[in-house]
Amino acid sequence: MFLLQLVKEIRVFFTSKGNLLFMLLMPILLISLFGYALKDYVKGDYQTFEGGKVFYLADHAEKQKVNEFTGISERITMALGVKFEEVSDYEDAVKRVEGSEAYGIVTIKNSGYEYFRSTFNEPEGGKIVRTLFCELAENNVADGSSDGGTYVEKIRININKTDSKQYYTFAGLAFSILFLGLLVAFSVYDEKEYGTIERIKLSNAGIGAMITSKVLTGVMCGCVMIGVSYLFSHQVLKVEWGDKKAYIMLILLCLVLLSSMFGCVVGITGKNKTICQSSVLMCSMLCGYLGGSITPLYLLENVPVLNWLVKISPLYWTNRAIASLQNGIVDEKMTYSITVLMSLTILLMIVCLRTGRKAVNRA
């Protein structure tokens, strides 16, 4: 029964010219529009490291440990242009870091390194430098030379300067995925109009089967949107997704799942299509703005109060994680993003099932 319902959903969904146009054109239009119209917001200096600086001091560290640090810092300087400046007064250096004069302070100890960074205004470039330094410090080993001064790097630094086309390829795609919820919401609402709820009560089919078929159809639509965006950005805009594209697609699929489930909730609770449309559009626009899909995240995060408010948007976590993955960095941002997206999806699923069962009982 479920398979028949799923096949029916797919056939109806993918034979609609409106749905096909949405899947094929929506992400391309948003990526192109934002990428060219908002290029002044995202210039070549976004997430770059021009003028970037890191302080360091040796806390009675042996020559071998200092040489190891020198090897790490030289690799970062060569790749990013970030300078390492030695200081003698730690407390003064802390004040200068808090005043945005440097990304952070590395204290070299025989037992390892301590990295201090500002607790309230660490820039995005500083976060990347800190992440790379931690990875290099953990993945550098002596090559066996007697003085321990040469070290072999085990990871590759690959930071790309982000322009508007690259930024909005992902931000625009994520934004368009939110509007996918509108198609799912209309599809669910139509089932109420066609009397499907009443037939579910008279048959052995459950509301869960109907909701699952709608969500899976939405996921298939989302996969098409991701595929179209990848081809367009790669072939036309010449945007590279990096060597972590599998992780990027995983996060985007989690967002597709969330959007589809949200559409189900709106469709099953909405009293008419106008309310369904207004609900999805309003939430999508709000999440899109706060999540960095219209105004870049680095601008939003530098505005007091707004830098906390943006965290309510699932797109904030999505775009934040993808920004790191573009640069080949797999860190806690990806974990946070998947956790937030899947937690919201599960919450909406519970709401949808409970609301759907009440609708069936009332039928």
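Remember, predicted model here, so these are calculated numbers, not experimental data. (Residues numbered from 1 in each chain as written. Predicted model: local features only at pLDDT ≥ 70, side-chain atom pairs only at ≥ 80, totals over all residues. Heavy atoms only, no water.)

Student: Looking at this structure, how should I read the sheet that holds strand β2 (residues 83–86)?
Tutor: Neighbouring strands of a sheet are bound in pairs by backbone hydrogen bonds; such pairs are parallel or else antiparallel. Pairing within the open sheet is mixed, and its 4 strands lie in the order β2-β1-β3-β4. Pairing within the sheet leaves two strands with one partner each, and these edge strands are β2 and β4 (112–117). With strand direction ignored, the average angle separating the axes of adjacent strands in the sheet is 25°. Pairing analysis gives 4 bridges linking strand β1 (residues 53–58) to β2, with the strands arranged parallel. In the strand pairing of β2, Tyr-56 is matched with Glu-86. The strands touched by helix α4 (residues 90–98) within the sheet are β1, β2, β3 (104–109) and β4, with β3 carrying the most contacts at an inclination of about 150°. (Pairing = 2+ DSSP bridges. Helix = DSSP H or I, 4+ residues; strand = E, 2+ residues; numbered from the N terminus. Axes fitted to C-alpha atoms, helices over the stretch in contact; angles between N-to-C directions. Contact = heavy atoms within 4.5 Å.)

Student: I'm lost on a nonpolar patch on the surface in this one. Help?
Tutor: A surface patch of nonpolar side chains, about 430 Å² in accessible area, is lined by Leu-21, Leu-24, Leu-25, Leu-29 and Val-224. Looking at the nonpolar patch element by element, the count peaks at 4 residues for helix α2 (residues 17–37). Overall, the relative accessible area of 42% leaves Leu-24 in the partly exposed class. (Patch = residues over 30% accessible without salt bridge, like charges linked within 9 Å, V, L, I, M, F, W, Y side chains within 5 Å. Areas by Shrake-Rupley, 256 points an atom, 1.4 Å probe, with all protein chains shown as cover. Salt bridge = Lys/Arg side-chain N within 4 Å of Asp/Glu carboxyl O. Buried < 20%, exposed > 50% of the residue type's maximum accessible area, 1.4 Å probe, protein only.)

Student: I'm lost on the environment of Met-23 in this one. Help?
Tutor: With respect to the element layout, Met-23 can be found in helix α2. Among the residues examined, Met-23 registers a relative accessible area of 2% and is labelled buried. Put simply, Met-23 and Val-228 are 205 residues apart on the chain and 8.2 Å apart in space, counted from C-alpha to C-alpha. Ignoring anything within four residues of it in the chain, the contact list for Met-23 reads Phe-14, Cys-221, Val-224, Met-225 and Val-228.

Student: So what exactly am I meant to see when it comes to the side chain of Ser-213 here?
Tutor: Following the sequence through the fold, Ser-213 ends up in helix α8 (residues 207–235). Judged by its relative accessible area of 0%, Ser-213 is buried. Only 2.6 Å separates the side chain of Ser-213 from the backbone oxygen of Met-210, close enough to count as a polar contact. (Polar contact = N/O pair within 3.5 Å; in protein donor to acceptor, adjacent residues only side chain to side chain.)

Student: What is the right way to look at the packing of aromatic side chains in this model?
Tutor: To describe a pair of aromatic rings, one takes the distance between the centres and the angle between the planes. Counted under the stated rule, the structure contains 14 aromatic pairs. Ring geometry for Phe-34 against Phe-175: centres 6.1 Å apart, planes inclined by 25°, an arrangement best described as stacked. Of this pair, Phe-34 sits in helix α2 while Phe-175 sits in helix α6 (residues 164–193); the two residues are 141 residues apart in sequence, bridging distant segments of the chain. Each member of the pair, Phe-34 as well as Phe-175, is classed as buried. Taken together, the aromatic side chains of Tyr-56, Phe-69, Phe-84, Tyr-113, Tyr-115 and Phe-133 make up a single cluster linked through ring pairs. Here Lys-273 stacks its cationic end above the ring of Phe-186, 5.1 Å away from the centre of that ring. (Phe/Tyr/Trp six-rings, centres within 6.5 Å; stacked < 30°, edge-to-face > 60°. Lys NZ or Arg CZ within 6 Å of the ring centre and 35° of its normal.)

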